[in-house]
Amino acid sequence: MKIFENKEDLKRYVLEQKADHKSVGFVPTMGALHQGHLSLVEKARKKNKIVVVSIFVNPTQFDNKEDLEKYPKTIDNDIKLLEGVDCDAVYIPTADEIYDGNVKSEKFDFDGLEYQMEGQFRQGHFDGVGTIVKKLFEIVEPDNAYFGKKDFQQLQIVKKMVEKEQLNVKIKGCRIYREDDGLAMSSRNVRLSKEHRAEAPFIYKVLKKAKKKAKKKSFTEVIAWVEKKFKKNNLLDLEYFVIANEKSLIPATKKEEGRVYRAFIAVYAGDIRLIDNIKM
Ligand code: AMP
């Protein structure tokens, strides 16, 4: 596996592969890799001749300084894991290499997708995401790029950016990987206290029950039920539970024929913020 720290070297490598008519699959990550990340790499592996992974904890998408500073870093282990799934190249840039001394986001218009859910609670988050994904796409110029549905709103936003900026890359959404107890895998899970880790599977349990309830009850009733469940939980604090149209991400209070809905949740387990979602 090749390791690149410099964008010019990576660009040259990718160009050589493309000159050889090899398709390039790309998986952007912030490292502290787990099986969820590796599943994206494996999917890219199956569909492309060359797989490139980036590891970069992007400062502009963090609205919380402490969350950025405490973001787990396990680079040696990440490299071992990527070698194990037959990744061809990993790009590990510094913030200077990416931002050239100007750590700022570009402003994007994602047709309103950016104002819902995470956009309401994490100021500037999606401008940061758009900025880094666009920069990485310019460097890697992949044919296909793989994103997890774990961050469903991010996936929709990246698709929107590609459509609006007419970028020549196909975006592939990949299923959510979970621990055996149902907790969605996340790099932040290692920061949970023992007590919070034991309680965290409650989030997916509630999502699954909410999905079941939504077959017979209105969305408003389901939302009230979820809020009540979390009020009774002393360890987990609900930030939001929203049922939204999967495409527009606009919150829905009642079902309309022919529309697809998804429930989105953000929860604090102590200081650690966890998100998850489920198709309704
Ligand atoms: P991150 O390193 O958290 O920025 O995530 C990098 C990519 O991995 C994003 O596209 C995430 O949506 C995806 N991802 C993170 N956790 C999971 C998971 N549990 N299942 C599937 N994809 C995931």
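Above this text is the structure in question.
Notes on the structure follow. Chains are numbered independently. Their residues run from 1 in the order of the written sequence. Reporting of local features is limited, given that this is a predicted model, to residues whose pLDDT is at least 70; pairs of side-chain atoms are given and counted only at 80 or more, and all residues count toward the totals for whole chains, interfaces and linings. To get the side-chain values, all heavy atoms of the structure are used, and hydrogens and water are removed first.

Brief notes about empty space enclosed by the protein
Here is step 1: A cavity here means a set of 1 Å grid points, computed over protein atoms only, where a 1.4 Å probe fits but cannot escape. A pocket is an open set with protein on both sides within 12 Å along at least 5 of 7 lines, and lining residues have an atom within 4 Å of a point. Grid points are joined across faces, edges and corners, and a volume is the space filled by probe spheres set on the points. Across all of its chains, the model carries one cavity of 30 Å³ or more by this definition.
Here is step 2: Roughly 50 Å³ of internal volume is contained in the largest cavity.
Here is step 3: If you go around the largest cavity, the residues you meet are K150, L183, A184, S186, N189, I203, L274, I275 and D276.
Here is step 4: To qualify as a helix, a DSSP run of H or I must reach at least 4 residues; to qualify as a strand, a run of E must reach at least 2; elements of each kind are numbered from the N terminus. Sorting elements by how many residues they give to the lining of the largest cavity places strand β9 (residues 272-279) first, with three residues.
Here is step 5: When the residues that make up the lining of the largest cavity are grouped by side-chain class, the tally is five nonpolar, two polar and two charged. Amino acids outside the nonpolar list (Ala, Val, Leu, Ile, Met, Phe, Trp, Tyr, Cys, Pro) and the charged list (Asp, Glu, Lys, Arg) are all regarded as polar, and Gly is one of them.

A word on the sheet that holds strand β6 (residues 170-174)
Here is step 1: By the convention used here, strands pair only if DSSP detects at least 2 bridges between them. Within the open sheet, the six strands sit side by side as β1-β4-β3-β2-β5-β6. Their pairing is parallel. The open sheet terminates on both sides in strands that have one partner only, identified here as β1 (2-4) and β6. Neighbour-to-neighbour, the strand axes of the sheet open up by a mean angle of 25°, direction not taken into account.
Here is step 2: Of the pairings in the sheet, the one linking strand β3 (residues 50-55) to strand β4 (residues 89-91) comprises three bridges and is parallel in character. Residue pairing for β4: V52 is matched across the bridge by A89. Working convention: axes come from line fits to C-alpha atoms, limited for helices to the stretch in contact. Angles between N-to-C directions cover 0 to 180 degrees.

Section: the pairing of β3
Here is step 1: Among the six residues of β3, six are classified as buried, and the element is accordingly described as predominantly covered.
Here is step 2: Exposure classes here rest on a 1.4 Å probe applied to the protein chains alone. A residue is buried below 20% of its type maximum, exposed above 50%, and partly exposed in between. Side chains of β3 alternate between two faces, with I50, V52 and S54 and V51, V53 and I55 buried alike.
Here is step 3: Alignment of strand β2 (residues 24-29) against β3, held across six bridges, turns out to be parallel. Within β3, the residue paired with G25 across the bridge is V51.
Here is step 4: Since β2 and β3 lie parallel, the crossover through helix α2 (residues 35-47) that links them has a hand, and here it is right-handed. Here, the term right-handed applies to a crossover whose path from the first strand over the helix to the second runs clockwise when the strands point away from the viewer.

Comments concerning the site of the ligand
Here is step 1: Residues are counted as near a molecule or strand when any one of their heavy atoms sits within 4 Å of it. The environment of the ligand is formed by 17 residues, the closest being H37, G148, D151, Y177 and M185.
Here is step 2: At 2.9 Å from an oxygen atom of the ligand is found a side-chain nitrogen or oxygen belonging to H37.
Here is step 3: Contact between the ligand and D151: an oxygen atom at 2.6 Å from a side-chain N or O atom of the residue.
Here is step 4: In this description, accessible areas are obtained by the Shrake-Rupley approach with a 1.4 Å probe, and a residue is regarded as covered only by the protein chains that are shown. Out of a free accessible area of 480 Å², the ligand has 93% covered by protein chains.
Here is step 5: Every element with two or more residues in the shell around the ligand is listed here: β2, α2 and β5 (144-148).
Here is step 6: Element by element, the count of residues in the shell around the ligand is highest for α2, at three residues.
Here is step 7: Here the shell around the ligand is composed, by residue class, of eight nonpolar, six polar and three charged. Throughout this description, a polar contact denotes any pair of N or O atoms lying within 3.5 Å of each other; where both atoms belong to protein, one of them has to be capable of donating a hydrogen while the other can accept it, and for residues adjacent in sequence the pair is counted only when both atoms sit in side chains.

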